[in-house]
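An overview of the molecular structure
Each chain, written out:
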2 protein chains.
Amino acid sequence: VTFHTTILGCGAALPTKRNNPSSQVVNVHDKLFLVDCGEGTQVRMRDLGVKFQKINHVFISHLHGDHYLGIFGYISSMHLLGRKPDLHIYGSADLEQLVRINLRLSHTFLSYELIFHELQFKTPEKIFEDRTVEVVSFPLKHRIECAGFLFREKPLPRNVKKSALKMYDLQPTEIVKLKRGETIRHISGQQLTQDDACEPQRHSRSYAYCSDTAYNEKMVETIAGVNLIYHEATFLEKDKKRAKETFHSTAKQAAMIAQKARAGKLLLGHFSSRYSNPDDFATEASEVFPATEIATEGQTYLVL
Amino acid sequence: VTFHTTILGCGAALPTKRNNPSSQVVNVHDKLFLVDCGEGTQVRMRDLGVKFQKINHVFISHLHGDHYLGIFGYISSMHLLGRKPDLHIYGSADLEQLVRINLRLSHTFLSYELIFHELQFKTPEKIFEDRTVEVVSFPLKHRIECAGFLFREKPLPRNVKKSALKMYDLQPTEIVKLKRGETIRHISGQQLTQDDACEPQRHSRSYAYCSDTAYNEKMVETIAGVNLIYHEATFLEKDKKRAKETFHSTAKQAAMIAQKARAGKLLLGHFSSRYSNPDDFATEASEVFPATEIATEGQTYLVL
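First, a word on scope: everything that follows refers to the structure included in this document. (Residues numbered from 1 in each chain as written. Chains lettered and ligands numbered in written order. Predicted model: local features only at pLDDT ≥ 70, side-chain atom pairs only at ≥ 80, totals over all residues. Heavy atoms only, no water.)

Along its length, chain A carries eleven helices and 16 strands. The dimensions of chain A, computed from C-alpha atoms along their principal axes, are 70 × 50 × 35 Å. Classification of the 304 residues of chain A by burial places 58% in the buried group. Long-range contacts, defined as pairs at least 24 residues apart, comprise 63% of the intrachain contacts of chain A with a sequence gap of at least 6. When the accessible surface of chain A is split by element, carbon and sulfur atoms take 51% of a total near 13,300 Å². (Helix = DSSP H or I, 4+ residues; strand = E, 2+ residues; numbered from the N terminus. Buried < 20%, exposed > 50% of the residue type's maximum accessible area, 1.4 Å probe, protein only. Contact = heavy atoms within 4.5 Å. Areas by Shrake-Rupley, 256 points an atom, 1.4 Å probe, with all protein chains shown as cover.)

Turning next to the relation of the copies chain B and chain A. Between chain B and chain A, the superposition needs a rotation of 179 degrees and an axial shift of 0.1 Å, giving an RMSD of 0.4 Å. Both chain copies can therefore be described as sitting about a two-fold axis. Nearest to the rotation axis, the C-alpha of G40(B) is located 2.7 Å from it, this being the minimum over chain B. (Least-squares fit on C-alpha atoms with pLDDT ≥ 70 in both.)

All names here are of chain B. Strand order in the open sheet formed by seven strands is β6-β5-β4-β3-β2-β1-β16, and the pairing between neighbours is mixed. Edge positions in the open sheet fall to β6 (114-118) and β16 (300-302), since each of these has one partner strand only. Adjacent strand axes in the sheet meet at a mean angle of 20 degrees, parallel and antiparallel pairs treated alike. Its contacts with the sheet put helix α3 (residues 71-80) on β3 (31-37), β4 (57-59), β5 (87-91) and β6, and the angle it makes with β5 is roughly 170 degrees. Sitting on the sheet, helix α4 (residues 93-105) is in contact with β5 and β6, with an inclination near 155 degrees to β6. (Pairing = 2+ DSSP bridges. Axes fitted to C-alpha atoms, helices over the stretch in contact; angles between N-to-C directions.)

A separate point is the pattern of salt bridges. Throughout the structure, instances matching the rule amount to 30 salt bridges over all chains. For K240(A), the salt bridge goes to E237(A), with nearest N and O atoms at 4.0 Å. Among the residues examined, K240(A) registers a relative accessible area of 44% and is labelled partly exposed. A salt bridge links E245(B) to R242(B); the shortest N-O distance between them is 3.4 Å. Here the residue E245(B) and the residue R242(B) both occupy positions in helix α9 (residues 240-245), the gap between them amounting to three residues, near one helical turn. A residue is classified by how much of its surface remains accessible, and E245(B), at 44% relative accessible area, is partly exposed. Looking at R242(B), the relative accessible area reads 38%, which means it is partly exposed. One salt-bridge network, held together by shared partners, links K126(A), E129(A), E134(A), R152(A) and K154(A). (Salt bridge = Lys/Arg side-chain N within 4 Å of Asp/Glu carboxyl O.)

As structure tokens, this is what we get:
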């Protein structure tokens with residue numbers, strides 16, 4: 001079942017020829033979630049063929065321009081294309097204020113509803129869930145209030161074994177009960193538990209988005225065992241002092257978080273425009289955490 | 001002497017693969033002026049090699065997103081690059097409010113000053129002048145308050161004829177007086193007027209930017225005799241009704257304005273995403289006004 005993230009932008013505040021400001025589209029079982037929305041995000045969605053009207057939930061980590069300035073144009077274009085479904089936006093209260101003021105002053109009356117969900121930025125909190133996925137926001141350590149987002153699959157229902165179907169000639173109502181975890185009494189008089197009749201529980205995958213943040217071990221507990229972590233690496237270790245001053249991380253620090261969280265894989269992003277060779281980030285991080293890759297715009301990374 | 005405009009974006013509200021939202025850089029005697037600033041303008045300036053730190057004056061026609069949403073990122077990037085000179089922004093009072101709120105809520109303290117100049121949108125008014133150029137704003141006819149901008153070279157001083165220099169052995173103080181238009185008494189006793197001693201007055205060129213607007217003859221008086229006019233042509237005549245409803249123009253209407261203003265040349269822009277072939281705009285307009293060209297992004301158009 002689909003679970004991946006597509007990088008629309010993975011640069012830092014200053015756009016470069018290689019990198020655009022932060023944005024990515026997370027696909028969980030073909031539901032699309034937008035995470036951050038830097039300037040130009042709508043154009044990159046169009047260029048990459050992302051069906052942006054299918055997105056119903058937008059998560060904005062914090063109010064630095066490179067993470068939110070694209071949201072006004074994105075909201076406007078969906079309106080011009082006649083969108084009807086509600087759009088849910090998760091972010092700070094100030095974000096709602098900014099969006100509402102922009103709409104009011106440009107005399108825009110949207111064809112759809114915007115529903116804002118205020119993040120509290122203090123402790124991990126479940127901010128969204130449906131049948132297949134839950135999203136948890138958790139505090140990052142930045143100059144202003146900033147949140148990471150953890151996307152976690154709900155436990156998938158355990159399928160009934162083919163052999164059990166055949167042996168017991170199970171009826172649909174019985175199958176539903178077994179999947180739910182109930183014990184049934186079979187027509188033969190035999191008791192059948194879920195463990196008797198079903199395949200083992202499948203692994204629930206998770207993806208963590210962590211940008212922007214200084215080195216912050218506090219998040220490790222929340223994201224422990226994550227399959228894929230996107231972590232900012234604005235700087236290299238040689239500029240560690242600058243990283244600390246600006247509440248950003250080095251590639252090595254990102255790797256240390258991935259290691260402590262026992263992540264499956266680390267994806268580095270939010271590269272400062274001062275560096276010309278992105279491979280330097282991977283080299284530095286992989287000394288601490290070998291399963292490291294650098295994010296490339298337009299690429300999709302599977303959550304395995 | 002340089003006088004031209006470079007098109008950064010000439011699409012309408014919805015970005016397409018061909019067109020970005022409105023923005024252009026006007027160069028008058030190597031002074032750069034930014035006119036409108038749709039989303040992504042800073043990236044297109046960088047891609048086209050526009051030295052955006054050299055821009056000190058930004059003119060925003062109106063508060064529809066496709067004309068101003070790029071200003072926040074543009075202001076921020078100049079700050080990140082350490083800009084010091086003041087930046088003057090000409091637009092509605094609401095624009096200042098939007099910019100100030102964005103800066104405040106994102107905790108941004110700029111390295112330079114922003115100086116806002118409020119447009120009144122009611123009658124033509126001179127909003128900027130220096131030794132070489134003056135800029136006049138004039139009302140357009142749109143759903144919300146909207147201004148066009150006329151860039152006009154100041155009359156260039158008349159050069160003294162080489163023959164006069166030689167014949168009268170003119171001194172520097174005499175040359176200055178003649179250039180100013182004063183009559184001098186030459187050492188020989190002869191009276192010399194400016195017309196006697198100087199080359200003919202050189203033509204002062206002008207460029208008018210007119211977007212967005214319904215058909216609006218009122219502007220003709222202000223821009224009469226303009227050398228180059230950029231006029232919006234959101235629609236074709238077959239969608240004239242839609243043009244009227246949305247306070248936009250058809251290509252033919254743009255041509256009628258150019259004709260009435262006795263313009264030297266018409267440049268069409270602000271094309272709706274509904275049309276696939278931009279040549280249709282040129283075909284329609286040139287039946288009324290032959291000296292018509294369609295704007296192409298990345299291209300520079302001379303004011304002759």
